[in-house]
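Fold and geometry: a report
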Amino acid sequence: MAESAKKKVVLLGATGSIGGSTLRVLRAHTDKLELVGVAASSSHHELAAICREFNVANAVLSNEAAYAEAKAANAFPANTQLGCGESALIELSTLPEADIVLVAVVGACGLKPTLAAIEAGKDIALANKELLVLGGAFVIEAAKRKGVRLLPTDSEHNAIFQCIEGHPQQHLDKLILTASGGQFRDAPLASLVNVTPADATQHPNWSMGPKITVDSATMANKGLELIEAHWLFGLEPDRLEVVIHPQSIVHSFAQFIDGSILAQLSPPSMTFAIQHCLLYPDRAPGVDATTDFRNAFQLDFKAPDFERFPCLQLAYDAMRTGGSAPAIFNAANEIAVERFLAHDLAYLDIPRVIDQTLSKVDIAATTTLEALLHTDAEARAVAHSF
Ligand code: NAD
Ligand code: MG
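Notes on the structure follow.

The rules behind each value
Residues numbered from 1 in each chain as written. Chains lettered and ligands numbered in written order. Predicted model: local features only at pLDDT ≥ 70, side-chain atom pairs only at ≥ 80, totals over all residues. Heavy atoms only, no water. Helix = DSSP H or I, 4+ residues; strand = E, 2+ residues; numbered from the N terminus. Rg over C-alpha atoms; globule rule 2.2 N^0.38 Å. Buried < 20%, exposed > 50% of the residue type's maximum accessible area, 1.4 Å probe, protein only. Areas by Shrake-Rupley, 256 points an atom, 1.4 Å probe, with all protein chains shown as cover. Lys, Arg positive; Asp, Glu negative; His and termini not counted. Charge placed at Lys NZ, Arg CZ, Asp CG, Glu CD. Core = buried A, V, L, I, M, F, W, Y, C linked by side-chain atoms within 4.5 Å. Domains from an automatic or database assignment. Contact = heavy atoms within 4.5 Å. Pairing = 2+ DSSP bridges. Axes fitted to C-alpha atoms, helices over the stretch in contact; angles between N-to-C directions. 1 Å grid on protein atoms, 1.4 Å probe; cavity = no way out; pocket = protein on both sides within 12 Å on 5 of 7 lines; lining within 4 Å. Points joined across faces, edges and corners; volume = space filled by probe spheres on them. Nonpolar A, V, L, I, M, F, W, Y, C, P; charged D, E, K, R; others polar. Near = heavy atom within 4 Å. Polar contact = N/O pair within 3.5 Å; in protein donor to acceptor, adjacent residues only side chain to side chain.

The number of helices and strands found in the protein chain is 15 helices and 11 strands. Scaling as 2.2 N^0.38, a compact globule of 386 residues should have a C-alpha radius of gyration of about 21 Å, and the protein chain matches this with 20 Å. The C-alpha extent of the protein chain, read off along each of the three principal axes, is 55 × 50 × 40 Å. A buried classification covers 55% of the 386 residues belonging to the protein chain. Summing over all exposed atoms, the protein chain offers an accessible surface of approximately 16,400 Å²; the carbon and sulfur share of this is 52%. On the protein chain, the mean spot of the 29 positive side-chain charges and the mean spot of the 44 negative ones are 4 Å from each other.

Bringing the nonpolar core into the picture now. A general feature of soluble globular proteins is that nonpolar side chains tend to end up buried together. If you look at the biggest cluster of nonpolar residues, it comprises 125 residues, and the most contacted ones within it are Leu-35, Val-38 and Phe-76. If you count residues domain by domain, this core takes at least three from each of domain 1 (3-152) and domain 2 (160-262 + 306-321). Excluding its chain neighbours within four sequence positions, the residues that come into contact with Val-38 are Leu-11, Ala-14, Leu-47, Ile-50, Cys-51, Val-56, Asn-58, Ala-59, Val-60 and Leu-92.

Before going further, it helps to spend a moment on the sheet that holds strand 9 (residues 240-244). Strands sit in the order 9-8-10-11 across an open sheet of four strands; the sheet is mixed. At either margin of the open sheet sits one strand with a lone partner, and together these are strand 9 and strand 11 (261-265). Neighbour-to-neighbour, the strand axes of this sheet turn through a mean angle of 20°, independent of strand direction. Two strands pair when backbone bridges link them, and strand 8 (residues 172-179) and strand 9 are joined in this way by five bridges, in the parallel orientation. Residue pairing for strand 9: Ile-176 is matched across the bridge by Glu-241. Its contacts with the sheet place helix 7 (residues 155-164) against strand 8, strand 10 (250-256) and strand 11, and it is angled at close to 40° to strand 10. Relative to strand 8, helix 10 (residues 220-233) is tilted by about 150°, and along the sheet it contacts strand 8 and strand 9.

Turning to the environment of Glu-228, a few remarks are in order. Structurally, Glu-228 can be placed in helix 10. When its relative accessible area of 0% is taken as the criterion, Glu-228 is described as buried. Note: C-alpha distance between Glu-228 and Ala-72 (156 residues apart in sequence) is 41 Å. In this view, Glu-228 contacts Lys-129, Leu-132, Asp-154 and His-157; residues no more than four positions away in its chain are not counted.

Let's shift gears to empty space enclosed by the protein. The tally for this structure, following the rule as stated, stands at one cavity of 30 Å³ or more. Space inside the largest cavity adds up to approximately 50 Å³. Looking at the lining of the largest cavity, the elements with two or more residues in it are helix 7 and helix 11 (271-279).

Attention now goes to the sheet that holds strand 6 (residues 123-126). Reading across the sheet, the seven strands line up as 4-3-2-1-5-6-7 and stay open at both edges, with parallel pairing between neighbours. Each edge of the open sheet is held by one strand with a lone partner, namely strand 4 (81-84) and strand 7 (150-152). Here the strands of the sheet are splayed against their neighbours by 20° on average, with no regard to which way each runs. In this sheet, strand 5 (residues 100-103) lies alongside strand 1 (residues 7-12) in parallel orientation, the contact comprising four bridges. Paired with Val-10 across the strands is Val-101, a residue of strand 5. Strand contacts of helix 3 (residues 64-73): strand 3 (58-61) and strand 4, with the helix running at about 150° to strand 4, the strand carrying the most contacts.

Okay, the layout of surface pockets next. There is about 420 Å³ of room inside the second largest pocket. Forming the walls of the second largest pocket are 18 residues, and the residues nearest its centre are Ile-140, Lys-144, Leu-150, Leu-232 and Phe-233. Where the lining of the second largest pocket is concerned, the elements lending two or more residues are helix 6 (130-146), strand 7, helix 7 and helix 10. In terms of residue class, the lining of the second largest pocket is built from 12 nonpolar, three polar and three charged. Viewed by domain, the lining of the second largest pocket spans two of them, domain 1 (3-152) and domain 2 (160-262 + 306-321), each represented by three or more residues.

We now examine the site of ligand 1. Around ligand 1, the surrounding shell holds 24 residues, and the nearest of these are Thr-15, Ser-17, Ser-41, Glu-130 and Gly-209. Here an oxygen atom of ligand 1 sits 2.7 Å away from a polar atom, N or O, in the side chain of Thr-15. In the model, an oxygen atom of ligand 1 is placed 3.0 Å from a nitrogen or oxygen of the Gly-16 main chain. The protein chains hide 88% of the 830 Å² of surface that ligand 1 would expose on its own. Of all the secondary-structure elements, those providing two or more residues to the shell around ligand 1 are helix 1 (17-28) and helix 9 (210-218).

So, about the environment of Leu-92. By the element assignment, Leu-92 lies in helix 4 (residues 86-93). Residues Leu-92 and Gly-323, 231 residues apart in the sequence, show an inter-C-alpha distance of 31 Å. In contact with Leu-92, other than residues within four places in its own chain, are Val-10, Leu-12, Gly-37, Val-38, Ala-39, Asn-58, Ala-59 and Val-60.

These values are about where atoms sit, not about what they do.
Rendered as structure tokens:
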């Protein structure tokens, strides 16, 4: 492939779990992909090392103290332009030379850079789900209007995207998202009262950032993913289901109106979905070992237990209510998890904070982006106050 035909990639959240998996994909496909911009919150040593390795021209540290430290230490290579703050993040997301922006920052802070990238005509590979739960209506509208690709990188949504491609929407009956059930899937209910941040940040199948690992334990993650699926695939809440699948090998199902079900399978590594998005519509050999059918293995499925996972019920309810309810659910969950990780909230109080925030903050049926961001801020303040 000619040098100029390389796809130019901006990676938001380069030092995180998805960021690391993305770098592995980039190393394997230097003939097809080129990293032109990276952003992280505060880990400046890691970000500088990425800039050196990939010869990246543009970098952003959103944290001011980290930026000042990096500047003082002259940590970045001379040919890397280093920026700081939200405006720099937006500038990075709209770099003229970029073809695709992979959004792998954690939390709703990904919304504005993503909207800016879409307005600048960039394709989006979307790992971040919180921004869709907050502003899905605006993201989908903008992507349609600008004719850019919104490629689902979250493994379940990537699976569904692969299963439904080429099938008319009217043939689709429902989507069934698989969930591992997290680390407390089979723990005695009474033991959950003692769960510590150290317990809740260990996942049996996936190695991920701390926030999503806690979300997997509470299944708030699957709740966020239901709302994500609603926006990405345009299906109403009663056509979106969840099934517990402890092995995390089937990444989701699409069921058609005649009863046929298609699934996508791969081992539990995010590199499969990331590579699918970055090379799309092309394919190439992957970077991780493929499923090996020579050794027997089992695939199990069972319905989720809403008593064990109240966050899943709260997410379903918020999705059915619609309007700004999902935004409030997400904001409250982000704060509750942050407080839990800081030892400021008990594990079982996470759903309580979400529930109480949803009942305290006014839910609007329809809303503007500004009003939604205001509701997001209000819900965060309320969730802090318990
Ligand atoms: P992580 O905590 O490991 O990494 C987050 C990254 O975002 C870090 O590089 C951090 O520096 C950066 N970041 C955070 N806030 C920022 C800001 N304001 N500006 C710039 N950079 C910022 O998180 P993760 O596990 O990689 O997850 C990232 C997103 O992808 C989340 O939305 C998560 O739900 C989603 N996701 C993750 C996985 C996974 O396997 N880790 C799977 C599916 C979806
Ligand atoms: Mg997922």
